[in-house]
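Survey of secondary and tertiary structure
What follows is the residue order along each chain.
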Amino acid sequence: MESDQTETSDQNMITEPLLLSNSNGGFRTLPFIVANMAFERVASYGLLPNMILYLTREYRIEVSKGANILFFWSATTNFMPILGAFLADSYVGRFWMISFGSLATLLGTILLWLTTMIPQARPPHCGQYSDDCQSATTSQFLLLYSSFGLLSIGAGGIRSSSLAFGADQLGMGNHDLKNAGILESFISWYYVFVSFSAVIAITFIVYIQDELGWKVGFGIPVVLMTISAISFFLASPIYVKSRPEASLFTKFAQVFAAAYKNRGVLLSSRATDEEYFSRKGASLLAPSHKLRFLNKACIIENPEEDLTPDGRASDPWKLCTVDQVEELKALIKIIPLWSSGMIMSINLAQSSFPVLQASTMDRHITSNFEIPAGSFSVFMVISLAIWVTLYDRLIIPLASKLKGKPIRLSLKKRMGIGILLSSSSMAAFAIIEKNRREKAIKQGFSDDPDAIVDMSAMWLLPYHVLGGLAEAFNAIGQNEFYYTELPRSMASIASTLFDMGMSIANLIASLLMSSINNLSKREGEESWVSSNINKGHYDYYYWLLACLSLLNFVYFVACSKGYGPYRREWVTS
């Protein structure tokens, strides 16, 4: 009885559409929102691939230290959206959060560009790792790190709210089960456009950096972010701007506090024996049975003492609504499955090493043109975009037509397949690196890490293609899963949980790499992740990541079974 009531009430609660006026919202607003997000990604992704080369060549930082700097920068960049999501949902709203992020990103790109334009902003030029080279000063590092910090803050403002803000314009609640197919297509194509912007960054911006230098290569993101900010603000009058609700931090804290204060209350086995406090007009009248200890936060013990004459809680830190409790439960329930995506995120975070690897291989397409080392990750993005297009426009329509009913692959299956593909990509990477290293040693390049090995860089394609497919299955599946499962009041948070996982994954990747660097060093031998890629054993490092991914898949299966069914369980039969 209670489960039926809860299911019905959930659907009534979650399908309430946003009210759109004739002059606001709609598809016409999406180009401005998606373009803003795309330009931010072009700017950030265009700076990241070659940044390890910029740090090692211009600031003469060791590879391991430079990789750690980029790990921490990526971790900060991926953490800021979750903070921005809480601020957007609780205080400032999504429009103002994106606006703030656009300005911060613009300022960050300007500061980074200034490090190339002002000679005093970086160490004077000299031979790489020469004894007479001057190290960067504190003020020079401060300017560099300030630009990184502003770029991370800007990413937090834009990435935290763009997806949810776009859904606001279409009037789609994140749990609108009737429009679930539209929601999946919207999220998938949103991801494709963002990925396409990454293609532009990884190809065009990186190529400009290689051919025309850092001044022009870092100046283009400044121009792009200027256009992005101006276009987003010009469309301000036609946006639907939802107002933020009460602070989620406060609401969740109140649930924990009320549950603790009421810890002595005994919960009966039947919901009908207890009276729960529900907000006025809400159709969700009783909490679910999962995480039942939190139900104590919304039990009315004494109506005369617990409620005011107008039906409000006399003390919100002792009595919470059923909605508050269920929102917190939804977030807690998701944490195990969310954590299972971190190993794949660690694999995605290995962006510096593939650039070093590709830089030592033959990258020529023709005798006069070679692919920049930092642009090889474009194949990962292309494979992602191709799969999403085939899946959404060919595979799903064809399968549905053959079955005579809507058919889609379940979100859990998509996430699991992505983890397995990610493990396979790291295994392919390990095999390729083993062959590349052996060739480098045979050709006498043991002491020359910059020498070009007689081996085509096209051998890196299996790694990039499998990695792109892994992201298409797992990353998009995660984003859709969070957006579907969490309440609409937490839409911005739902759209940034994957970024939060990437943030923690970058920190773990940094710790893992540092540990491997220290543990694998032996007297007279280089570590696995040596600055000299030909003396190190990066293939061992990649095999370790592949094995950890397989173990993570077992963990994912256990978490998936423990979570149980979710709101939209579409499966192929």
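A few points on the structure. (Residues numbered from 1 in each chain as written. Predicted model: local features only at pLDDT ≥ 70, side-chain atom pairs only at ≥ 80, totals over all residues. Heavy atoms only, no water.)

Let us now look at the overall build of the chain. Of regular secondary structure, the chain possesses 20 helices and two strands. Relative to its full complement of 573 residues, the chain shows a buried share of 57%. In the chain, the proportion of contacts linking residues at least 24 apart, taken out of those at least 6 apart, comes to 82%. Just so you have it, the chain exposes about 25100 Å², and 63% of that area is on carbon and sulfur atoms. (Helix = DSSP H or I, 4+ residues; strand = E, 2+ residues; numbered from the N terminus. Buried < 20%, exposed > 50% of the residue type's maximum accessible area, 1.4 Å probe, protein only. Contact = heavy atoms within 4.5 Å. Areas by Shrake-Rupley, 256 points an atom, 1.4 Å probe, with all protein chains shown as cover.)

Now for the side chain of Asn 50. Within the element layout of this structure, Asn 50 appears in the loop between helix H2 (30–47) and helix H3 (51–58). Judged by its relative accessible area of 1%, Asn 50 falls in the buried class. Of note is the side chain of Asn 50, whose polar atom sits 3.1 Å from the side chain of Gln 209. With near-sequence residues (within four places) excluded, Asn 50 lies in contact with Val 206, Gln 209, Asp 210, Trp 214 and Gly 374. (Polar contact = N/O pair within 3.5 Å; in protein donor to acceptor, adjacent residues only side chain to side chain.)

Turning to the nonpolar core, a few remarks are in order. Counting residues in hydrophobic clusters, the biggest one holds 65 residues, and the most contacted among them are Ile 334, Phe 481, Leu 486, Ile 493 and Leu 497. When residues of this core are assigned to their parent elements, the largest contribution, eight residues, is made by helix H12 (residues 322–339). When neighbours within four sequence positions are excluded, Ile 334 is seen to be in contact with Phe 481, Tyr 482, Glu 485, Leu 486, Leu 497 and Tyr 563. (Core = buried A, V, L, I, M, F, W, Y, C linked by side-chain atoms within 4.5 Å.)

Residues Phe 79, Leu 83, Leu 87, Tyr 91, Val 92 and Trp 96 make up a contiguous nonpolar surface patch of about 580 Å² in total accessible area. The leading source of residues in the nonpolar patch is helix H4 (residues 63–92), at five residues. For Leu 87, the location among the structural elements is in helix H4. Overall, the relative accessible area of 34% leaves Leu 87 in the partly exposed class. (Patch = residues over 30% accessible without salt bridge, like charges linked within 9 Å, V, L, I, M, F, W, Y side chains within 5 Å. Salt bridge = Lys/Arg side-chain N within 4 Å of Asp/Glu carboxyl O.)

Let us now look at the packing of aromatic side chains. Applying the stated criterion to the full structure yields 27 aromatic pairs. Seen in terms of ring centroids, Tyr 207 and Phe 369 are 6.1 Å apart; in terms of plane orientation they differ by 40°. Their pairing is tilted. Taken together, the positions of Tyr 207 in helix H8 (residues 180–212) and Phe 369 in the loop between strand S1 (361–362) and helix H15 (378–403) put the pair 162 residues apart, joining distant regions of the chain. One aromatic cluster in this structure is built from Tyr 54, Tyr 59, Trp 73, Phe 141, Tyr 145, Phe 148, Trp 214 and Phe 218. Above the ring of Tyr 260, the side-chain terminus of Arg 263 is found at 4.1 Å from the ring centroid. (Phe/Tyr/Trp six-rings, centres within 6.5 Å; stacked < 30°, edge-to-face > 60°. Lys NZ or Arg CZ within 6 Å of the ring centre and 35° of its normal.)

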